[in-house]
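# Residue-level structure breakdown
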Amino acid sequence: MKKLLEVQNLTKIYSMGSIFSRTKITAVEDISFTVGEPEIFTLAGESGCGKTTTAKIILGFEEQTSGAVMYKDEPIKNLRRGDRNKVLREIQAVFQNPFSTFNPLRTVDSYFYETLINLKIASNRKEAEKKIAEKLQAVGLSFEEFSQRYPSEFSGGQLQRLSIARALLTDPSLIIADEPVSMVDASLRMSIVNLFKDLKERYDVSVIYITHDLTTAYYISDRMAVMFRGNIVEMGPAEEVLSNPKHPYTRLLRESVPEPDPEKQWTTRVHLAESEHEEYLQTGCKFVARCPLAMEKCRKLTPPHFEVNGTSVKCFLYE
Amino acid sequence: MRLQTVISTKELKSYYVLDVFGREKVVKAVDDINIDVYENEIYGIAGESGCGKSTLLKAIFGIIDPPLRLIAGKVLYFHNEQVYDLYSLNSDSRRSLRWKFISYVPQGSMNVLNPVVKIKETFKDFLDSHLKGKTKNEYYEMAKEHLTNLGLPPKILEAYPHQLSGGMRQRVTIALATLLNPKIIIADEPTTALDVVTQRGVIQLLRDIQSTLMNTIVLVTHDMGVQATMSTRIAVMYAGKIIEEAPTTKLFQDPKHPYTRYLIHSLPKFGDKSKRSSAPGSPPSLAALPPGCAFHPRCPYALEKCKSEIPALRSYEPDHKTACWLMEER
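My aim in this report is to walk through the structure given alongside it, one point at a time. (Residues numbered from 1 in each chain as written. Chains lettered and ligands numbered in written order. Predicted model: local features only at pLDDT ≥ 70, side-chain atom pairs only at ≥ 80, totals over all residues.)

A word on the sheet that holds strand S5 (residues 74-75) of chain A. Residues and elements named next belong to chain A. On the basis of which strands lie adjacent, the open sheet formed by four strands has the order S2-S1-S4-S5 and antiparallel pairing. The sheet is open, and its two edges are formed by strand S2 (23-37) and S5, each paired on a single side. Pairing of strand S1 (residues 2-16) with strand S4 (residues 66-71), which is carried by five bridges, proceeds in the antiparallel orientation. Within S4, the residue paired with Gln8 across the bridge is Ala68. (Pairing = 2+ DSSP bridges. Helix = DSSP H or I, 4+ residues; strand = E, 2+ residues; numbered from the N terminus.)

Right, dumping it as structure tokens:
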């Protein structure tokens, strides 16, 4: 498998508070991963684990504190400085809330024409229309039900399809989808998830799927990384990570998913952290306060990644 | 043994009546609902956003404010061998039932705590307005005792809301709602917007409350996973109506209504990568419902009859009610 995107030792530190009491929050701490071509790679984790920050850095919305993002073996920073349009064409994004993706006072199709003209993909309207019709078809919508309409005339599911179609206009090699289905109605959710699978299989598009929902992650992804407080604690093939979780945090997460099966009930109880803040500042392993198997050294030393059965686990248990 | 009914709705209709540029627009959010909730059960109401499930809860709790209007029907409370017809009570007697008999955890309730006072002040104010005639310290003691009973650390009483995590705030509001040991707790999406582990903590708390107080919980959530783990009986709502009602295990094993089947079979599961598909089309707007069964434009099995006549919610099997013409044809 060819490497498409490589993230190397990425770190992002945010400073918070006033000048008198400045605290530093490490949102992303020294993470590395690669995305192959084509592949669906999932970044999973709870809120505040750094998954969205990672996406923002890849998309260029945020500047990293240290580390690098390589796109086709070249630092993405240089690419952006050189031919900005080329990067925009290659990497596209789909966001969480389909209702706020589009301006309610503008027709949806204006975004499509704008993208095509600005990135110099189509030179005239006729060419643009052909391209749009083709992409709409890929997401299961027709040109007739789309032109000259405002966002309020579409349902959430349709809007999310439209924002995927818009991302496809540039024939990207990589789509970064940040929680694309969490705001979509339950009865339509799987149609959007299936769409990403389709894109990979039919158009060879790689997808970075960012989610907190482990069941859809299991369903579509080839490989996945589980993040916790800025670190990747476990990474490997999705099947292995979710069927046979190794890190105590992944185990807790996997076990806590309420499964749609009344026969499966929890037999153990969970202990919750009172405040999330303290875990960021924890030295050593961030999960130590809640880990049932914590050892003395987990408090002091940051565990490195260990290879177990094709997955990489950031935990001293596998030393 | 016949189960004791605690809440019952009779042909309940509650619509939003909006005035759009001089034209009346009617949104049929709760349309002809008949449910009976029994003692000591967790009654789940499932459905997608915009199907009317939150409005149904508001109507049950008695907070109907314009533009929402009560069009027809009754809500009955059964308390201390007496039957109260909610909408014929005066505001004083309605108030006396609230929080002591029935309490409500609204959606996004982790944001209801006053940000500028400590948690203990919120507890004190709540107790003071309902019990009266006790000193500040007695109220603090009661709050502390209640939190300890629920297994929450009493030291959070000294904290301000922003110092607590979302999950803890959510559990504090649940503690607040159960302070007067209500017989019924109605909770609107209590675990939505929480992380899975936190969600599990909140579910754990609600279940603990239910098993110690032996009371009833009416749980509204769109998440079928949460429904499966918590509820004992589930009603599925679609476009303002209940289309199926059955005990949880039955509903998951043998859903009858085509919509419920889509809802359950489209859920991805661990260890099963077979293709899942969603129902075609999208949910209708409650302001412009199709004639007949509201699901018929999306239903692959729709009959001629479905396009014109609305099916009634009937028992075709013991404890299992369905509103679908297909059941009639069998």
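Moving on from the model shown.
Let us look at the nonpolar core. Of all hydrophobic cores here, the largest spans 85 residues; its most connected members are B:Ile186, B:Val218, B:Val236 and B:Tyr238. When sequence neighbours within four positions are dropped, the list of residues in contact with B:Tyr238 reads B:Gly47, B:Cys51, B:Ile243, B:Tyr259, B:Ala294 and B:Phe295. If you look at the next biggest cluster of nonpolar residues, it comprises 81 residues, including A:Cys49, A:Ile57, A:Ile58 and A:Leu159. (Core = buried A, V, L, I, M, F, W, Y, C linked by C-beta atoms within 7 Å. Buried ≥ 20, exposed ≤ 12 C-beta atoms within 10 Å, placed from the backbone. Contact = placed C-beta atoms within 7 Å.)

What follows concerns the environment of A:Ser100. By the secondary structure assignment, A:Ser100 is in helix H4 (residues 98-101). A:Ser100 sits in the exposed class, given 12 other C-beta atoms within 10 Å.

Before going further, it helps to spend a moment on the pairing of strand S8 (residues 184-188) of chain B. All names here are of chain B. With five of its five residues buried, S8 lies for the most part within the structure. Alternating residues of S8 divide into Ile184, Ile186 and Asp188 and Ile185 and Ala187, and every residue in both groups is buried. Relative to S8, strand S7 (residues 102-105) is paired through four bridges, and the arrangement is parallel. Residue pairing across strands places Val105 opposite Ala187, the latter belonging to S8.

With 18 residues, helix H6 (residues 196-213) of chain B should cover 26 Å at 1.5 Å per step; its first-to-last C-alpha distance of 26 Å lies within 8% of that length. Tucked into the core, H6(B) has its buried residues touching helix H11 (248-256) of chain A together with strand S4 (42-46), helix H5 (166-177), S8, strand S9 (216-220) and helix H7 (224-230) of chain B. Just past H6(B), the residue B:Met214 takes up positive phi, approximately 55 degrees. (Expected span 1.5 Å × (residues − 1).)

This paragraph deals with the interface of chain A and chain B. Frequently, the measure chosen for interface size is the accessible area that the parts lose on association. Contact residues are listed per partner, giving 37 residues for chain A and 40 residues for chain B. Of all the elements in the fold, those that place two or more residues in the side of chain A that touches chain B are helix H7 (156-168), helix H8 (186-203), helix H9 (214-220), helix H10 (238-243) and H11 of chain A. Of all the elements, H8(A) adds the most residues to the side of chain A that touches chain B, at six residues.

Moving on to the pairing of strand S1 (residues 5-20) of chain B. The two faces of a sheet get side chains in turn, since along a regular strand they alternate between them. Residue and element names in this part refer to chain B. Across three bridges, S1 lies against strand S3 (residues 36-38) in antiparallel orientation. Across the sheet, residue Ile7 finds its bridge partner in S3, namely Val37. Inspection of the sheet shows S1 paired to strand S5 (residues 68-79) by eight bridges, in the antiparallel sense. Note that in S5 the partner of Thr9 across the bridge is Val75. By the bridge criterion, seven bridges tie S1 to strand S2 (residues 23-33) in an arrangement that is antiparallel. Each bridged residue has a counterpart across the sheet, and for Leu18 the counterpart in S2 is Lys25. Remark: two residues form the turn of the hairpin made by S1 and S2, two consecutive strands paired antiparallel; Phe21 in that turn has positive phi of roughly 50 degrees.

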